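If you want the building blocks of each chain, they are given just below.
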Amino acid sequence: PLETLRQSLKDHGAAADLGIRRLASAGAVVVEGGTVRDRAFEPVAAGGDALIERLVAMVDAAGLAPPSVSELEKSFQVPGVAEALRIAARRGQVVAVERERYFTPRALEQFTAGLLAVLAGGPITPARVRDQIGVSRKYLIPLLEWADQAGLTIRRGEGRVAGTQLRGPPGG
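Here we summarise the structure given alongside this text. Note that the coordinates shown come from a computational prediction; the quantities given were computed from them, not determined experimentally.

1. Quick word on helix α8 (residues 137–149)
Here's step 1: Relative to the 18 Å expected for 13 residues at 1.5 Å per residue, α8 spans 18 Å between its end C-alpha atoms, a close match to the ideal helical length.
Here's step 2: Of all the positions in α8, only Tyr139, Leu140, Pro142, Leu143, Leu144, Trp146 and Ala147 are classed as buried.
Here's step 3: Here the buried face of α8 lies against β3 (95–98), β4 (101–103), α6 (105–120), α7 (126–133), β5 (153–156) and β6 (159–162).

Quick look at the structure:
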């Protein structure tokens, strides 16, 4: 963990942070998600790539209503499900929309297309998006929050307007 590294180097003050930043800038280490690792180190899941592929397939098959991490752990009954999903996310195979739920890029493209369809007919509201894509609030609200964070939408009161990523570049 990055914070553990900082604590172990605290006697070196600002020089320690500068050193970590320089190592990261030079590509010697990777700082990612609160951790630091040697650039050559690649994490592996307990179940290996076979587990990752099975998990990604299950999440993909579920579309816009994927199972949570705990539901996947119960279903697979093997160690390392959460770690395998984090590795799949690093590889771009899934996206963590919320801490306990991952979606595939294909599902998020489907959601984005739904947002565009809603936008073409009026304001972006949770009810209109739900009607367009057909998912319950359990999935809808985290997806809308993800869209806000991704720049697809900007929250305005109870509704949303198109963000720069949904509108595209100016004049485009």
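Anyway, onward from the coordinates.
2. Quick word on the pattern of salt bridges
Here's step 1: Tallied over the full model, the rule gives 9 salt bridges.
Here's step 2: Note that Asp49 is salt-bridged to Arg91, the shortest N-O span being 2.9 Å. Linking Asp49 in helix α3 (residues 48–61) with Arg91 in the loop between α5 (81–90) and β3, this pair joins segments that are 42 residues apart in sequence.
Here's step 3: Judged by relative accessible area, Asp49 falls into the partly exposed class, the value being 46%.
Here's step 4: Taking relative accessible area as the criterion, Arg91 reaches 43% and is therefore assigned partly exposed.
Here's step 5: Linking Arg101 and Glu71 is a salt bridge whose minimum nitrogen-to-oxygen distance equals 3.9 Å. A residue pair is termed long-range when its members are at least 10 positions apart, and Arg101 in strand β4 and Glu71 in helix α4 (residues 69–76) qualify at 30 residues.
Here's step 6: For Glu71, a relative accessible area of 36% gives the class partly exposed.
Here's step 7: Bridged by salt links that share partners, the residues Glu3, Arg6 and Asp17 form one connected network.

Criteria and thresholds
Residues numbered from 1 in each chain as written. Predicted model: local features only at pLDDT ≥ 70, side-chain atom pairs only at ≥ 80, totals over all residues. Heavy atoms only, no water. Helix = DSSP H or I, 4+ residues; strand = E, 2+ residues; numbered from the N terminus. Expected span 1.5 Å × (residues − 1). Buried < 20%, exposed > 50% of the residue type's maximum accessible area, 1.4 Å probe, protein only. Contact = heavy atoms within 4.5 Å. Salt bridge = Lys/Arg side-chain N within 4 Å of Asp/Glu carboxyl O.

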